[in-house]
Amino acid sequence: MAEKKDKKEKLPRQAMPEQDPKVRKRNFEEVPEGYSPELAQAEASRCLQCKKPSCVEGCPVGIDIPAFIKHIYEGDFTKAIRKIWEKNSLPAVCGRVCPQEDQCEGLCVLSKKGSPVAIGHLERFAADYERNYGSGKLPPKKDATGKKVAVVGAGPAGLTVAGDMILKGHEVTVYEAFHKGGGVLVYGIPEFRLPKEIVASELHFLERLGVNIECNNVVGKTVDVDELFDKGFDAVFIGVGAGLPRFLNVPGENLINIYSANEYLTRANLMKAYRFPEYDTPLAQGKEVVVLGGGNVAMDSARTAMRMGADRVRIVYRRSHEELPARKAEIHHAEEEGIEFYMLANPKRFIGDDKGWVQGMECVQMELGEPDESGRRRPEPIQGSEFELPCDLVVIAVGSGANPVLTGNTHDLELNKRGYIVADPRTGKTMKKGVWAGGDIVTGAATVILAAGAGRVASDSMHEYLTIGW
């Protein structure tokens, strides 16, 4: 047995084929091209099938990772996807955009001496194979309970709750404010990282299970939470995300061609400006673009601007390269595509022309001081270090906050000082009877898989409430 493990350890991690950076920087086609069955089985063979798999502990939704990988290794791809579906209704999404390096793969025992098993790539493979070649057979559902669940928000948290609750036998209706479901998966994450057809396929899977998705419904305006109970719903889950843009409050921020990342990416993605002129969505196409921020949203904005025709794209971040919060894969892809990084710099003001269009930005050089409340060293300005960067388009990607449309119109919801809903992290239950919440509207902006994990916790608690009662 030990000899078999040694062989697995010696096999290198199987790289996923990708588009050439020089080609992909000007198109919106997906960058990674996926595993072939042969590559997937080779990578699956590296898994040691640990008796106490630490990778599962790192998965927010608790997928039985060794089991589904074993099925791939054995060539039974149908069993692999069914094993994943037991815990995750969005595997094609999570396999593409989740930070596996900090979660499941980060705890893989192979990472102690080399490269971890490519768990995310294998999850993506199982989902893609089922979509392209599978039978289309749905997982089994429990007998109908007669209970009705309303889910507010068709993002990763809400869709996870919907998938869990429909399989548990409850009737589920999802209310989505936009004209398409998916939440941040469709308005925030670009096509080259998460194709819209993938999200549409995952939504269709839920609809085939029986989930009813009603778009163009702004809960808090067209209907409020109390009215949902009046409509006959027995429980409500709130997963509306954190979509309120944050700005810098520096002089000149109201100049023309300065966007929040929320607006810029929504226009490019959900409203399909990237497919101009087929979709005539107005979106500025700068030649000298500056993106402010260092997270995944900043990387998405910068790489989108490059694909929209920019000659030069700079990311300006107030900390050093080591503190960039974006996924390492996204930083690597951005660098390959020619995105420039200006580290330890912060904007002081934006400079406009006589017609009100942005044409430059004055920055100050920063240095790292003592750690702040986040545990990272606090950036501090260096006196007299100001410099200017030319720019004709600026995207501000420094985070987002809680939109008050729903929370401001819902009685008995406890909010914290930042406007996020207070919910029990063990159950997702709020102070309002029959109401649960999870995802970014509770934690602030985080990852897709953490939102899905919050949905999983809430769905278990909601099921207990609906079937046993409290």
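Residues numbered from 1 in each chain as written. Predicted model: local features only at pLDDT ≥ 70, side-chain atom pairs only at ≥ 80, totals over all residues. Heavy atoms only, no water.

**Student:** Account for the overall build of the protein, with residues named and values stated.
**Tutor:** Assigned secondary structure in the protein consists of 18 helices and 16 strands. For 470 residues, the compact-globule estimate of 2.2 N^0.38 gives 23 Å, and the protein sits close to it at 23 Å. Taking the principal axes of its C-alpha atoms as reference, the protein extends roughly 70 × 65 × 50 Å. Across the 470 residues of the protein, 54% fall into the buried class. By sequence separation, contacts in the protein at least 24 residues apart represent 69% of the contacts at least 6 residues apart. Carbon and sulfur atoms provide 50% of the accessible area of the protein, an area that totals close to 21100 Å². (Helix = DSSP H or I, 4+ residues; strand = E, 2+ residues; numbered from the N terminus. Rg over C-alpha atoms; globule rule 2.2 N^0.38 Å. Buried < 20%, exposed > 50% of the residue type's maximum accessible area, 1.4 Å probe, protein only. Contact = heavy atoms within 4.5 Å. Areas by Shrake-Rupley, 256 points an atom, 1.4 Å probe, with all protein chains shown as cover.)

**Student:** So what about unusual backbone geometry? Which residues, and what values?
**Tutor:** Here F276 and P277 are connected by a cis peptide whose omega angle stands at 5°. Tracing the backbone shows P277 in the loop between α13 (261–268) and β7 (288–292). Residue K272 is not a glycine yet carries a positive backbone phi of 60°. In this fold, K272 is placed in the loop between α13 and β7. Not every positive phi belongs to a glycine, and L344 is a case in point at roughly 55°. As for its placement among the helices and strands, L344 is situated in the loop between β9 (340–342) and β10 (345–352).

**Student:** Explain the packing of aromatic side chains residue by residue, including any values.
**Tutor:** The final tally for this structure, using the stated rule, is 11 aromatic pairs. Ring geometry for F28 and F192: centres 6.1 Å apart, planes at 45°, overall tilted. Here F192 lies in the loop between α10 (184–187) and α11 (196–209) and F28 lies in the loop between α2 (21–24) and α3 (37–44), a separation of 164 residues in the sequence. In terms of burial, F28 and F192 fall into one category: buried. Between W436 and Y465, the ring centres sit 5.1 Å apart and the planes meet at 65°, which makes this aromatic pair edge-to-face. (Phe/Tyr/Trp six-rings, centres within 6.5 Å; stacked < 30°, edge-to-face > 60°.)

**Student:** An account of the side chain of R24 is needed here, citing residue identities and associated values.
**Tutor:** Following the sequence through the fold, R24 ends up in helix α2. Assessed through its relative accessible area of 0%, R24 is described here as buried. At 2.9 Å, the side chain of R24 forms a polar contact with the backbone oxygen of Q19. The residues touching R24, leaving out its near neighbours within four places in the chain, are E18, Q19, V31, R307, H333, E336 and E337. (Polar contact = N/O pair within 3.5 Å; in protein donor to acceptor, adjacent residues only side chain to side chain.)

**Student:** Quick one: what's the story with the sheet that holds β7, residue by residue and with numbers?
**Tutor:** Taken in spatial order, the five strands line up as β6-β14-β7-β8-β9 in an open sheet, and their pairing is parallel. Sheet topology places β6 (258–260) and β9 at the edges, where each strand pairs with a single neighbour. Between one strand axis and the next, the sheet turns by 20° as a mean value, whatever way the strands run. Two elements, β7 and strand β8 (residues 312–316), share five bridges in a ladder whose sense is parallel. If you follow V289 over to β8, its bridge partner there is V313. Relative to the sheet, helix α14 (residues 296–307) contacts β7, β8, β9 and β14 (393–396), its axis offset from that of β8 by approximately 170°. (Pairing = 2+ DSSP bridges. Axes fitted to C-alpha atoms, helices over the stretch in contact; angles between N-to-C directions.)

**Student:** Now, about the pairing of strand β2 (residues 171–175): what can you tell me, with residues and values included?
**Tutor:** Most of β2 sits out of view: four of its five residues are buried. For the crossover that starts at strand β1 (residues 148–152), traverses helix α9 (residues 156–167) and ends in the parallel β2, the hand is right-handed. As paired elements, β2 and strand β3 (residues 212–214) share three bridges and run parallel to each other. Bridge pairing in β3 links V174 to I213. (Right-handed = clockwise from strand over helix to strand, strands pointing away.)

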